[in-house]
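Structure at a glance
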Amino acid sequence: MALTKETIVDKIEVLEMGQVQVRTATRVKEDGTLLSSSFHRHVVEPSTKTGDTWGDTDISGEDARVQAIANATWTDSVKTAYQEMIDAQSI
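Presented here is a report on the structure given in the accompanying data block.

What counts and what doesn't
- Along every chain, residues carry numbers that run from 1 in the direction the sequence is written.
- This being a predicted model, a pLDDT of at least 70 is required before a residue's local features are given, and a value of 80 or more before pairs of side-chain atoms are given or counted; all residues contribute to the totals for chains, interfaces and linings.
- Processing note: side-chain calculations cover all non-hydrogen atoms of the structure and skip hydrogens and water entirely.
- The criterion for an aromatic pair is that two Phe, Tyr or Trp rings (for Trp, the six-membered ring) have centres within 6.5 Å, with stacked assigned to planes under 30 degrees apart, edge-to-face to planes over 60 apart and tilted to the rest.
- Secondary structure follows DSSP: runs of H or I at least 4 residues long count as helices, runs of E at least 2 residues long count as strands, and numbering of each begins at the N terminus.
- Note on exposure labels: buried denotes an accessible area under 20% of the residue type's maximum, exposed denotes more than 50%, and partly exposed covers the range between, all computed with a 1.4 Å probe on protein chains only.
- As a reminder, the over-ring test applies to NZ of lysine and CZ of arginine, requiring each to be within 6 Å of the ring centre and within 35 degrees of the ring normal.
- Whenever Lys or Arg places a side-chain nitrogen within 4 Å of a carboxyl oxygen from Asp or Glu, that contact is recorded as a salt bridge.
- Two N or O atoms form a polar contact when they lie within 3.5 Å of each other; inside protein one atom must be a possible hydrogen donor and the other a possible acceptor, and for residues adjacent in sequence the pair counts only when both atoms belong to side chains.
- The contact criterion used throughout is that any non-hydrogen atoms of two residues lie within 4.5 Å.

The subject of this paragraph is the packing of aromatic side chains. According to the stated counting rule, one finds one aromatic pair in the structure shown. Considering the side-chain rings of Trp-54 and Tyr-82, the 6.2 Å spacing of their centres and the 80° angle between planes classify their relative orientation as edge-to-face. You can see Trp-54 sitting in strand E5 (residues 53-56) and its partner Tyr-82 sitting in helix H2 (residues 76-89), a full 28 residues away along the chain. A relative accessible area of 3% places Tyr-82 in the buried class. The side chain of Arg-23 reaches across the aromatic face of Phe-39, ending 4.1 Å from its centre.

This part is about the pattern of salt bridges. Applying the stated criterion to the full structure yields eight salt bridges. The partner of Lys-49 in a salt bridge is Asp-87, and the shortest N-O contact between them spans 2.6 Å. Placement of the pair is Lys-49 in strand E4 (residues 47-50) and Asp-87 in helix H2, with a sequence separation of 38 residues. Residue Lys-79 pairs with Asp-56 through a salt bridge whose shortest N-O separation is 3.0 Å. With Lys-79 in helix H2 and Asp-56 in strand E5, the pair connects residues that are 23 residues apart, well separated along the chain. On the accessibility criterion, Lys-79 (15% relative accessible area) is buried.

As a further point, take the side chain of Gln-19. Note on placement: Gln-19 falls in the loop between strand E1 (3-14) and strand E2 (20-30). Side-chain polar atoms of Gln-19 contact the backbone nitrogen of Met-17, separated by 3.3 Å. Apart from residues lying up to four places away in sequence, Gln-19 is in contact with Glu-13, Val-14, Val-43, Val-44, Glu-45, Pro-46, Tyr-82 and Met-85.

As far as function goes, none of this settles anything; it's purely spatial.
This is the structure we're talking about:
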């Protein structure tokens, strides 16, 4: 009777303005049979604003697949559109 706990990124979605939504599943198993699972979601934004300055979001701590999707998705035009949307909401 061996209990195991695994945490995996099981869903990655790209939202309309370029944000990457990540779902992480935590699964507890006994001898390979799933006993329980829970989910956590977080969103990674294409740009980060510090004061009045926009910069690239640090994705170095994200899963390799999340990094690959973000790097493929976050073109300069996507970053600019996201920044303009956030700036317009701040007015």
